[in-house]
Amino acid sequence: MTEIERLLTDTLAALEQVLRQTQERQETILTDHQHALANHANTLHQLQHQVARLSAQQQESAQHLQRLSAIHENLEPLLERLKSIMNIKS
């Protein structure tokens, strides 16, 4: 083997080693990113469920508020009549 062949072989071996190490690092980084993405997806899923639950609770509260408002509207004339009756008796 000539000096040039040995030099080229050594250089190629060194480059292969660097490439292998780089690929291993990138695989580790990719795996870490995949785990992070899976965690984010899970968190997003949980938040979507919470938003749906809160939305249902908000709708239920709005309906309850509407019922209370209707009751108030029905009682207001009665309260006015009661107030006028109480004024007459005084």
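Provided above is the structure to which this section pertains.
Rules of the game
Residues numbered from 1 in each chain as written. Predicted model: local features only at pLDDT ≥ 70, side-chain atom pairs only at ≥ 80, totals over all residues. Heavy atoms only, no water. Helix = DSSP H or I, 4+ residues; strand = E, 2+ residues; numbered from the N terminus. Rg over C-alpha atoms; globule rule 2.2 N^0.38 Å. Buried < 20%, exposed > 50% of the residue type's maximum accessible area, 1.4 Å probe, protein only. Areas by Shrake-Rupley, 256 points an atom, 1.4 Å probe, with all protein chains shown as cover. Expected span 1.5 Å × (residues − 1). Bend = angle between axes of the 7 residues up to and from the residue. Salt bridge = Lys/Arg side-chain N within 4 Å of Asp/Glu carboxyl O. Patch = residues over 30% accessible without salt bridge, like charges linked within 9 Å, V, L, I, M, F, W, Y side chains within 5 Å.

Colleague: Whenever I open this one, the overall build of the protein confuses me. Can you help?
Modeller: Helix and strand content of the protein: 1 helix and 0 strands. Over its C-alpha atoms the protein spans a radius of gyration of 38 Å, topping by over 25% the 12 Å that the globule rule assigns to 90 residues. Overall size of the protein, expressed as C-alpha extent along the three principal axes, is 125 × 20 × 10 Å. By the burial criterion, 0% of the 90 residues in the protein qualify as buried. Carbon together with sulfur atoms contributes 60% to the accessible area of the protein, which is approximately 8600 Å² in total.

Colleague: What exactly am I supposed to notice about helix H1 (residues 3-89) here?
Modeller: One full turn of an α-helix is made of 3.6 residues, so residues set three or four places apart face in the same direction. Compared with the 129 Å implied by 1.5 Å per residue over 87 residues, the 124 Å span of H1 between its first and last C-alpha is a close match. The largest bend along H1 reaches roughly 30° and is located at Leu75, with the proline Pro77 sitting one to four residues downstream.

Colleague: Help me understand the pattern of salt bridges in this model?
Modeller: Any two side chains of opposite charge can pair, given that their charged atoms come close. Taken as a whole and judged by the stated rule, the model has 2 salt bridges. With a shortest N-O distance of 2.4 Å, Arg6 and Glu3 are connected by a salt bridge. You can see Arg6 and its partner Glu3 sitting in helix H1, 3 residues apart, about one turn around the helix. Across the pair Arg6 and Asp10 runs a salt bridge, and its minimum N-O distance is 3.0 Å. Of this pair, Arg6 and Asp10 both sit in helix H1, 4 residues apart, roughly one helical turn. For Arg6, a relative accessible area of 38% corresponds to the partly exposed category. For Asp10, a relative accessible area of 41% corresponds to the partly exposed category. In the salt-bridge network here, residues are joined through shared partners; they are Glu3, Arg6 and Asp10.

Colleague: Please explain a nonpolar patch on the surface as it appears in this structure.
Modeller: The grouping of Leu68, Ile71, Leu75, Leu78, Leu79, Leu82 and Met86 at the surface amounts to a nonpolar patch, some 660 Å² of accessible area in total. Among the secondary structure elements, Leu68 is positioned in helix H1. Classification of Leu68 by relative accessible area gives partly exposed; the value is 43%.

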